[in-house]
Amino acid sequence: MSSYDRVHFVGIKGTGMAALAEILSDHGSRITGSDVSEHFYTDEILDRLGIKALPFSEQNITDDIQTVIYSSAYSPETNPDLAQAKKKGIPLKLYSEALGELSQKMYSAGVCGVHGKTTTTGLAGTLLKGVNLPSQALAGSIIASFGNTCTMTSDSFAESQKKYFVAETCEYQRHFLAFHPQKIILTSVESDHQDYYPKYSDIRKAFVEYICRLPQRGQLIFCADDAGAVETAGLAKQVRPDLHLLAYGEHTPGKYHLTFGEVSGGMQFFTVGQLGKFALCVPGKHMVRNAVAAIALCCEMLISDGKNPQDYITRMRESLLSFTGGKRRSEITGKAKTASGQDVIFIDDYGHHPTAIRTTLAGYRSFYRGRKIIVDFMSHTYSRTAALLGEFSESFGDADEVIINKIYASAREKQGKIKVSGEMLAEHTAYHHQHVTYCAEFDAASQKILQLLSLPSGDEYPDGYLVVTMGAGDNWKVGEQVQQKLACCNV
């Protein structure tokens, strides 16, 4: 890693970028970085590393810099840092390329899938930390059990010769093809990122390509409960008969067979094959499946290290109970009381695909049975909304009240000729749900939620309310506004 002794990051506030900066700092790199002035939650990570994000400028590119790592949000044609580095002949590497080079230096596992990869990576890192395998993990969000940061480094990591690495790897623009995995977790495959993968077969092909990057007899740990994952695993096996396929979930009889248990006392109980019973403190069956994937990876990594997983079951159980989720992944952002004294829990979640919305809300309905659920949703990208309009409109069945915001216009696409809007999504959702309101702007959405909170939740929901902001946009601000106004009312 000598080419990373002195590194400059362009777009350093991105979650993956800040996490990679953490990892490289642990490996001894001296780092500077640049980004926009807007405050992000990753600023706290950079502060701990002693890194101040500089404004973009060609003056950031000093002669001692060996490598410039940059986010795909920026281009050497338009960014002054990148243009200057290119002019000086300093190597430029995309985040995904730098992550891929790092993965070559360790025994690496890539976590991929349309849904669940951040949480599964967080769970896997939490388990590996608990069993103290010499390992590092990199997730696409802050994970509470990592110490409220995006990376985990186990206590035994520095002293060991053989080092393990688990990283979230992204399918968008085939970024994960730069990664060098020894093992892969595949959580799910279905149509998404329609701006890059117009057809389901396009995204499925990308996952097959990634799986085929595994070495001879490499291991694919895939979800037997997801039709796309099962199909993709089968196609990869046709191309690479040598691959070792290992299924997990309810629909496999193997050693990672999942049996769901009861939900009580703020915990979900479940059994994994012959490993026995486990419990998880976050809601949703999809979260349990992610936990089983992480348990499978931890066990298989222990086996790769010459250890017996049965000797570590107690540590794994304890570690799993310590997992409380990640930033914007069913994150409890606050609690309050209405003017009439009813309890309100606020949750923010990154779910931006119909399947994620449906499974997440179903988890909340099971976990918070006694609460009335109010959801504020902001769809992400015009192309995804247009392609999955019908699926989105049918995904809010477990919510009592649905508020739809205008579409979050991602920097990677323009609306152009795509004839879709947040109002259109609200109209379609109203065909399937009795209580839908379109509030384009956040102020209107927060006022609507306050109005709903002023009404009694009713005998059906004796525990009060659950207010959920959901989506990959910035509508978390709605929950923040409502909490602030409730606090003012209760002073």
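Here the residue index of a chain counts from 1 through its sequence in written order. Where totals are concerned, whole chains, interfaces and linings use all residues; where local detail is concerned, this predicted model gives features only for residues with pLDDT of at least 70, and gives and counts side-chain atom pairs only at 80 or more. Only hydrogens and water are set aside when side-chain values are computed; all heavy atoms of the structure are taken into account.

1. Considerations on the overall build of the protein chain
To qualify as a helix, a DSSP run of H or I must reach at least 4 residues; to qualify as a strand, a run of E must reach at least 2; elements of each kind are numbered from the N terminus. Within the protein chain, the secondary structure is distributed over 15 helices and 21 strands. In terms of principal-axis extent, the alpha carbons of the protein chain reach across some 65 × 60 × 45 Å. Type-normalised accessible area, obtained with a 1.4 Å probe on protein chains alone, sets the label of each residue: buried when under 20%, exposed when over 50%, and partly exposed for intermediate values. Taking all 491 residues of the protein chain together, the buried fraction comes to 57%. Counting contacts in the protein chain only where the partners sit at least 6 residues apart, residues at least 24 apart contribute 71% of the total. Charge-centre separation for the protein chain: the mean point of 49 positive side chains lies 4 Å from the mean point of 54 negative side chains. Pairs of residues are marked as contacts when any of their non-hydrogen atoms sit within 4.5 Å. All tallies of charge rest on Lys and Arg as positive and Asp and Glu as negative; His and the ends of each chain are not included. The atoms used to mark charge sites are NZ of Lys, CZ of Arg, CG of Asp and CD of Glu.

2. Some points on the pairing of strand β19 (residues 401–404)
Taking every second residue as pointing to the same face, both faces of β19 are buried, with E401 and I403 on one and V402 and I404 on the other. Both strand β18 (residues 371–377) and β19 contribute to a ladder of four bridges, which runs parallel. Bridging from a neighbouring strand, D376 pairs with I403 of β19. Pairing between β19 and strand β20 (residues 436–438): three bridges, direction parallel. In the strand pairing of β20, I403 is matched with T437. Only strands that DSSP links by at least two bridges are regarded as paired with each other.

3. Topic: the nonpolar core
Within the largest apolar cluster, 49 residues are counted, with the highest numbers of intra-cluster contacts made by F9, L20, I69, F165 and L186. When near neighbours in sequence (up to four residues on either side) are disregarded, F9 contacts M17, L20, A21, L24, I31, T32, G33, S34 and I69. We call a set of buried Ala, Val, Leu, Ile, Met, Phe, Trp, Tyr and Cys residues a nonpolar core when their side-chain atoms join them within 4.5 Å. One finds L127, C223, F278 and A296 within the second-largest nonpolar core, a separate group that totals 48 residues.

4. Some words on the pattern of salt bridges
We define a salt bridge as a side-chain nitrogen of Lys or Arg found within 4 Å of a carboxyl oxygen belonging to Asp or Glu. One pass over the structure, following the stated rule, counts 20 salt bridges. The closest approach of N and O atoms between D348 and R328, which form a salt bridge, is 2.5 Å. Separated by 20 residues along the polypeptide, D348 in strand β17 (residues 343–349) and R328 in the loop between α9 (313–321) and β16 (331–337) bring together distant segments of the chain. Across this residue pair, the class does not change: D348 and R328 are buried. Linking D400 and R365 is a salt bridge whose minimum nitrogen-to-oxygen distance equals 2.9 Å.

5. Concerning the environment of L102
Here L102 lies in helix α4 (residues 95–104). Look at L102 and you get buried, because its relative accessible area is 1%. Residues L102 and F165 lie 63 residues apart in sequence; the distance between their C-alpha atoms is 9.0 Å.

6. Considering the sheet that holds strand β3 (residues 53–54)
Strand order in the open sheet made by the five strands is β3-β2-β1-β4-β5, with parallel pairing throughout. Every other strand in the sheet has two partners, leaving β3 and β5 (92–94) as the edge strands with one partner each. Bridge count between strand β2 (residues 30–34) and β3: two bridges; the pairing is parallel. Across the sheet, residue G33 finds its bridge partner in β3, namely A53. Relative to the sheet, helix α1 (residues 15–26) contacts β1 (6–10), β2 and β4 (67–70), its axis offset from that of β1 by approximately 170°. Between N-to-C directions, angles cover 0 to 180 degrees, with each direction set by a line fitted to C-alpha atoms, over the stretch in contact for helices.

Keep in mind these numbers describe shape, not what the thing actually does.
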